[in-house]
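A structural walkthrough
Spelled out, the chains give:
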Amino acid sequence: MKPLADQIRPITLNDIIGQKHLIGSGKIISNLVKNKRLFSMILYGPPGTGKTTLAYTLINELKLEYTFLNAVINSKKDFDEVINLAKTKENFVLIMDEIHRMNKDKQDLLLPYLENGVITLIGMTTANPYHSINPAIRSRCQIFELKPLQEEDIKNALANAKSKFPKINIDDEALSYIARLAGGDLRSAYNTLEVAYYSSENYHITKELVVKINNKPNLYIDKNDDGYYDTISAFQKSIRGSDVQASLHYLARLIAAEDMDIITRRLSVIAYEDIGLANPSIGPRVNAAINAAERLGFPEARIPLAEIVIDMALSPKSNTAEAAIDRALNDIYKGNTGKVPNHLHTNSRNYKYPHSYKGSFVSQQYLPDELVGRKYYVPKNSSKYESNLAKVLEKIEKMQ
């Protein structure tokens, strides 16, 4: 028996749920169908947003011949057969899933036929094509991003899907809960509804039943896909931006995905990249929280992780150390180095040993002649600690 998602797959653009930025009166995809013209394209977006559905709908509306291939599963021989078939047809379409995983041999085989129009390609991927797809393929395709569906869209789709289950009796609370759990993935919502129907007593679906089946949101956090990196990015940017509520939200997403490794690595980065000298004690505190979390494991690890994230989000911020080393590296990469001053050479007799002087300081040149006066570290006054560093620096500069 076909899964529910396949049973009710739309066959016209008007039946597609969501994607109003592409489908509807005057929208790009709808206009292509209206004008009976199809170009090679890449459809990308999270799972369950309708990439496959949109591809098949375009084929159906335009009445085109096609073949479906998977870039991973299908062999080079399969690609050869498709090309030979396309040569005997007009307006032949190749629908290719997981196009970002297509290897070089298959790309080289396909490229000339995309170029001369023998094949029109509809590629589908959950990965950002600007990062993951060969530029030669990408340049021959239009790129369309599909967005996660809104909760209300999913709820309406589920209500329509009830027609496939004549005996169904589902509470509105359960319907809303399934839609919320789906996290923008309509296929996931359909699957949950179908399992709930066949596992219920007298086909009565309640929220309590759905919770027993699946009490975790369908988080779009796949290490091969955009959503994963977007969540990590939002996590760091929320801490950097001192939004403690958003920081905890994205931490919760990563905890729900049970990705301890990325949480701990990202916290270590933030401690030195974004907080840095504004609060130098944060580094050891982050390490202590990481050690505790790793010893405890989930679910208890959420407690030290939450504590340190709150501390980091509300800490003063400074990126002066990062900016300073980047300025110094920029000089190196540009060749602005110069010669090490003679008195700093190994075993130089002209070197003045600072500890032999009052205050362990003596004025002497350390930078190469070509870089004297260059400033890499520029302190901020975002915290008491760095303000004190700025005063020390100012005092030293006056003595030189």
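To keep things clear, this report deals only with the structure shown in the data block. (Residues numbered from 1 in each chain as written. Predicted model: local features only at pLDDT ≥ 70, side-chain atom pairs only at ≥ 80, totals over all residues. Heavy atoms only, no water.)

Observations concerning the overall build of the protein
- The helix and strand inventory of the protein stands at 18 helices and seven strands.
- C-alpha extents for the protein along the principal axes are approximately 90 × 55 × 40 Å.
- Sorting the 400 residues of the protein into buried and exposed places 42% on the buried side.
- For the protein, contacts bridging at least 24 residues in sequence account for 73% of all contacts bridging at least 6.
- Entry remark: accessible area of the protein is about 22,300 Å², with carbon and sulfur atoms responsible for 50%.
- In the protein, which carries 51 positive and 46 negative side-chain charges, the distance between the mean positions of the two groups comes to 5 Å. (Helix = DSSP H or I, 4+ residues; strand = E, 2+ residues; numbered from the N terminus. Buried < 20%, exposed > 50% of the residue type's maximum accessible area, 1.4 Å probe, protein only. Contact = heavy atoms within 4.5 Å. Areas by Shrake-Rupley, 256 points an atom, 1.4 Å probe, with all protein chains shown as cover. Lys, Arg positive; Asp, Glu negative; His and termini not counted. Charge placed at Lys NZ, Arg CZ, Asp CG, Glu CD.)

So, the environment of Glu201
- Relative to the helices and strands, Glu201 resides in the loop between helix H10 (186-199) and strand S7 (204-205).
- Owing to a relative accessible area of 66%, Glu201 belongs among the exposed residues under this scheme.
- Note: C-alpha distance between Glu201 and Leu251 (50 residues apart in sequence) is 37 Å.

Concerning the pattern of salt bridges
- With the rule as written, the count across this model stands at 13 salt bridges.
- Among the ionic pairs, Glu273 bridges to Arg240, the shortest N-O distance being 3.4 Å. A residue pair is termed long-range when its members are at least 10 positions apart, and Glu273 in helix H14 (residues 260-275) and Arg240 in helix H12 (residues 226-240) qualify at 33 residues.
- Overall, the relative accessible area of 22% leaves Glu273 in the partly exposed class. (Salt bridge = Lys/Arg side-chain N within 4 Å of Asp/Glu carboxyl O.)

A few points about a nonpolar patch on the surface
- Residues Ile325, Leu329, Ile332 and Tyr333 make up a contiguous nonpolar surface patch of about 420 Å² in total accessible area.
- Looking at the element boundaries, Leu329 is found in helix H17 (residues 320-333).
- Taking relative accessible area as the criterion, Leu329 reaches 32% and is therefore assigned partly exposed. (Patch = residues over 30% accessible without salt bridge, like charges linked within 9 Å, V, L, I, M, F, W, Y side chains within 5 Å.)

Brief notes about helix H8 (residues 151-161)
- Looking at H8, one finds that the buried residues are Ile154, Ala157, Leu158 and Ala161. Buried residues of H8, seen end-on, are gathered within an arc of 100 degrees and therefore sit on one face of the element.
- The elements touched by buried residues of H8 are helix H1 (4-7), helix H9 (172-182) and H10. (Arc of directions from axis to C-beta.)

A look at the side chain of Asn70
- Following the sequence through the fold, Asn70 ends up in strand S2 (residues 66-70).
- The class of Asn70 is buried, set by a relative accessible area of 8%.
- There is a polar contact of 3.2 Å between the side chain of Asn70 and the backbone nitrogen of Ile73.
- Among residues more than four places away in sequence, those in contact with Asn70 are Asp97 and Glu98. (Polar contact = N/O pair within 3.5 Å; in protein donor to acceptor, adjacent residues only side chain to side chain.)

Focus: the environment of Ser268
- The residue Ser268 is located in helix H14 in this model.
- Along the primary structure Ser268 and Ile282 are separated by 14 residues, whereas in three dimensions their C-alpha atoms are 9.5 Å apart.
- Leave out the neighbours within four places in its chain, and Ser268 touches Val286 and Ile290.

Considerations on the nonpolar core
- Ranked by size, the top nonpolar core spans 26 residues in total, and within it Ile154, Leu158, Ile170, Tyr190, Leu193 and Ile205 carry the most contacts.
- Contributing elements (two or more residues each) for this core: H1, H8, H9, H10 and helix H11 (207-213).
- Sorting elements by how many residues they give to this core places H9 first, with seven residues.
- Leaving out residues up to four positions away in the same chain, Ile205 has contacts with Ile168, Asn169, Ile170, Asp171, Ala174, Leu193, Ala196, Tyr197, Ser200 and Val210.
- With 23 residues, the next largest nonpolar core counts Leu251, Ile263, Ile270 and Ala293 among its residues. (Core = buried A, V, L, I, M, F, W, Y, C linked by side-chain atoms within 4.5 Å.)

Description of the sheet that holds S2
- Spatial ordering of the open sheet is given by S2-S3-S4-S1-S5, a layout of five strands whose pairing is parallel. A strand with exactly one partner marks an edge of an open sheet, and here the two such strands are S2 and strand S5 (142-145). Taken pair by pair, the neighbouring strands of this sheet meet at an average axis angle of 20 degrees, ignoring direction.
- Summarising the sheet, strand S3 (residues 92-97) and strand S4 (residues 119-125) pair through six bridges and their orientation is parallel. Within S4, the residue paired with Leu94 across the bridge is Leu121. (Pairing = 2+ DSSP bridges. Axes fitted to C-alpha atoms, helices over the stretch in contact; angles between N-to-C directions.)

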